[in-house]
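Read off the chains here:
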Amino acid sequence: MNQTNSIASAYSPPFRIVAKYFIAAIVSFFLMNLMLMINYNDINGHHFQPKILSITHIATLGFITMIIFGAMFQLVPVVLEVKLFSTILAEIQFWIYTVGVIGLVYKFWYFGSELSFTLPAIFLNAAIFIFAFNIIASMIRVKNWNLTGTFLAAAIFWLIVTAIAGILLAVNLDHPYIKINHLQYLKLHANVAFIGWVTMVIMGVSFKLIPMFTLSYGYELTFAKSSFVLINFGLFGINWIMHYADTGIYNMIFGIAITIGLILYLIQIYIIFKQRVRRKLDIGLKFSAVSFSMLGMSTLLGFSFLFFDYENITNLTLVYGFMIIVAYLSTLIVGQMYKIVPFLVWYHKYSSKVGIEKVPMLKDMFSEKLAELNLYLMLFGIIISVLAFLSEIILLLLIGFALLFVSSVIFSSNMIKVFRS
């Protein structure tokens with residue numbers, strides 16, 4: 001296998017571009033956990049509620065997607081060995097996107113305010129299309145294509161679909177025109193966003209980062225390729241059937257295809273971990289291992305939804321969303337940030353000074369003991385929160401959210417230490 005052995009190279013964009021996205025995402029992660037803790041009493045029942053929608057979009061747009069933007073600006077040039085088409089566009093995109101996120105989060109929170117949903121959605125779509133153009137313009141110059149590039153190209157396609165669906169839903173909230181239930185399209189929007197955009201990026205990037213961090217060699221990517229085909233087949237399928245009131249057996253067919261695709265991906269990740277030379281898992285990989293376990297549980301839960309009316313079970317949709325956003329995605333991102341950010345800061349600040357003056361080691365750039373505590377608090381917070389949702393014990397939910405908030409404080413302080421190193 002031909003592997004790039006670093007996440008930085010001569011193709012990397014200026015670090016100030018990537019850092020801007022990472023810092024904004026860290027702030028959003030802190031705010032997400034703070035808002036969950038403060039508003040714990042309102043996080044129950046049906047998922048279509050102003051505060052729940054607002055916090056969800058802090059997580060999905062402010063934290064998860066902001067991180068992915070920064071990571072792709074860094075990794076696409078390195079992995080595909082091509083310069084980013086335009087750093088100026090990346091800079092412009094950041095500010096347009098940030099305005100859109102703030103506007104949409106505010107509008108969801110104050111649902112009845114006179115500000116339209118459409119206006120912030122226009123900002124978000126403009127930023128997303130700038131991003132898509134920038135990445136596509138970079139990708140068309142690639143000479144040596146690989147599997148990671150294929151996953152990332154598919155992710156860009158699904159990002160565009162997600163953005164278009166988002167603005168159409170925003171317009172519908174301002175001026176209802178959709179004949180089918182708005183919530184059915186919201187479900188489609190969420191599935192395309194989490195599976196087509198976010199998870200497709202994670203899958204592609206993981207085939208680059210996990211082998212590099214674990215020193216894994218000597219495996220085939222057969223399961224990864226099958227996973228790509230099945231998941232995209234399922235995504236195209238649900239985008240077809242969800243425009244009809246009665247999705248019938250097709251919903252089950254495409255849902256099963258996506259489920260099998262995700263399971264094959266997890267099998268591929270297991271194979272990569274099994275083939276690792278570096279047997280001991282550092283803190284970043286421990287977070288990743290927890291995340292992949294949570295993805296497995298979330299996948300099985302989502303699969304079970306194909307066979308019963310899950311919306312009639314109190315808080316079950318909240319459990320599902322929480323498992324995806326916090327248990328799966330947040331733990332993975334936090335873990336990877338512990339791997340990526342210290343290296344990038346070190347690379348851009350100190351790599352040119354090696355042998356000339358004393359430079360810090362990567363392990364000295366943040367507290368690993370605090371990072372371990374970060375992991376355990378996050379894990380216990382997730383478990384307690386899920387139990388609280390299922391038992392409907394509000395006080396238990398406060399405890400779970402409080403643990404998650406403390407873990408986010410530890411993570412934020414560690415990241416501040418890294419950036420100030």
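Everything below is about the structure shown above.
Just so we're clear, the structure is a prediction, and the values are computed from it rather than from any experiment. (Residues numbered from 1 in each chain as written. Predicted model: local features only at pLDDT ≥ 70, side-chain atom pairs only at ≥ 80, totals over all residues. Heavy atoms only, no water.)

**Topic: the overall build of the chain**
Counting its regular elements, the chain contains 12 helices and zero strands. Helices (α) and strands (β) of the chain occur, in sequence order from the N terminus, as α-α-α-α-α-α-α-α-α-α-α-α. Taken over the C-alpha trace, the chain has a radius of gyration of 21 Å; the compact-globule value for 421 residues is 22 Å, and the two agree within 12%. In terms of overall dimensions, the chain has a C-alpha envelope of 65 × 45 × 45 Å along the principal axes. For the chain, with 421 residues in total, the buried portion stands at 56%. Contacts in the chain between residues far apart in sequence, at least 24 positions, make up 82% of those at least 6 positions apart. Looking at the chain as shown, the accessible area adds up to about 18100 Å², and 69% of this sits on carbon and sulfur atoms. Separation of charge centres in the chain, based on 25 positive and 15 negative side chains, amounts to 13 Å. (Helix = DSSP H or I, 4+ residues; strand = E, 2+ residues; numbered from the N terminus. Rg over C-alpha atoms; globule rule 2.2 N^0.38 Å. Buried < 20%, exposed > 50% of the residue type's maximum accessible area, 1.4 Å probe, protein only. Contact = heavy atoms within 4.5 Å. Areas by Shrake-Rupley, 256 points an atom, 1.4 Å probe, with all protein chains shown as cover. Lys, Arg positive; Asp, Glu negative; His and termini not counted. Charge placed at Lys NZ, Arg CZ, Asp CG, Glu CD.)

**Describing the pattern of salt bridges**
Under the definition given, this model contains five salt bridges. Close ionic contact of Lys 51 with Asp 42 constitutes a salt bridge, the shortest N to O distance being 3.1 Å. Exposure remark for Lys 51: the relative accessible area of 28% places this residue in the partly exposed category. The class of Asp 42 is partly exposed, set by a relative accessible area of 31%. Measuring nitrogen to oxygen at the nearest pair gives 2.9 Å for the salt bridge that ties Lys 286 to Glu 372. Residue Lys 286 is located in helix 9 (residues 283–304), and its partner Glu 372 is located in helix 11 (residues 368–391); the two are separated by 86 residues in the primary sequence. Overlapping salt bridges bring together Arg 16, Lys 20 and Glu 91 as one network. (Salt bridge = Lys/Arg side-chain N within 4 Å of Asp/Glu carboxyl O.)

**Some thoughts on a nonpolar patch on the surface**
On the surface, a cluster of nonpolar side chains totalling about 650 Å² of accessible area is made up of Phe 233, Trp 240, Tyr 244, Ile 249, Tyr 250 and Ile 253. Elements supplying a minimum of two residues to the nonpolar patch: helix 7 (222–241) and helix 8 (248–274). Counting residues per element, the nonpolar patch draws most heavily on helix 8, at three residues. By the element assignment, Tyr 244 lies in the loop between helix 7 and helix 8. On the basis of relative accessible area, Tyr 244 is assigned to the partly exposed category, the value being 47%. (Patch = residues over 30% accessible without salt bridge, like charges linked within 9 Å, V, L, I, M, F, W, Y side chains within 5 Å.)

**Some points on empty space enclosed by the protein**
With the rule as written, the count across this model stands at one cavity of 30 Å³ or more. If you go around the largest cavity, you meet 17 residues; those closest to its centre are Ala 71, Ile 202, Val 205, Leu 209 and Gln 336. Elements with a minimum of two residues in the lining of the largest cavity: helix 2 (50–80), helix 6 (182–214) and helix 10 (316–350). By residue number, the principal contributor to the lining of the largest cavity is helix 6, which donates six residues. When grouped by side-chain class, the residues that make up the lining of the largest cavity number 15 nonpolar, two polar and no charged. (1 Å grid on protein atoms, 1.4 Å probe; cavity = no way out; pocket = protein on both sides within 12 Å on 5 of 7 lines; lining within 4 Å. Points joined across faces, edges and corners; volume = space filled by probe spheres on them. Nonpolar A, V, L, I, M, F, W, Y, C, P; charged D, E, K, R; others polar.)

**Quick word on the packing of helix 6 against helix 7**
Remark: helix 6 packs on helix 7, axes separated minimally by 11 Å, with the N-to-C direction vectors making an angle of 165°. Considering their axes alone, helix 6 and helix 7 lie roughly antiparallel with respect to each other. Note that helix 6 runs across helix 7; the crossing there is left-handed. Each of Leu 188, Asn 191, Val 192, Ile 195, Gly 196, Met 200, Met 203 and Phe 207 in helix 6 lies in contact with helix 7, whose residues at this interface are Ala 224, Ser 227, Phe 228, Ile 231, Asn 232, Leu 235, Ile 238 and Asn 239. (Axes fitted to C-alpha atoms, helices over the stretch in contact; angles between N-to-C directions. Parallel < 35°, antiparallel > 145°, perpendicular 65-115°, else oblique. Left-handed = near helix turned anticlockwise from the far one by under 90°.)

**Some details on helix 6**
Across its 33 residues, helix 6 extends 44 Å between first and last C-alpha, which sits within 8% of the 48 Å expected from 1.5 Å per residue. Maximum bend of helix 6: about 40°, positioned at Ser 206. With respect to burial, helix 6 is a largely interior element, 29 of its 33 residues being buried. Taking the backbone nitrogen of Leu 183 as reference, a side-chain oxygen 2.9 Å away marks Asn 181 as the first, capping residue of helix 6. In the stretch just after helix 6, Leu 215 is the one whose phi turns positive, near 55°. (Expected span 1.5 Å × (residues − 1). Bend = angle between axes of the 7 residues up to and from the residue. Polar contact = N/O pair within 3.5 Å; in protein donor to acceptor, adjacent residues only side chain to side chain.)

**A closer look at the nonpolar core**
In terms of nonpolar packing, the biggest core is built from 149 residues, with Phe 22, Met 72 and Trp 197 touching the most fellow members. Looking at which element gives the most residues to this core, the answer is helix 10, with 22 residues. Excluding residues that lie within four positions of it along the chain, Phe 22 makes contacts with Ile 67, Gly 70, Ala 71, Met 337, Ile 340, Val 341, Leu 344 and Phe 419. (Core = buried A, V, L, I, M, F, W, Y, C linked by side-chain atoms within 4.5 Å.)

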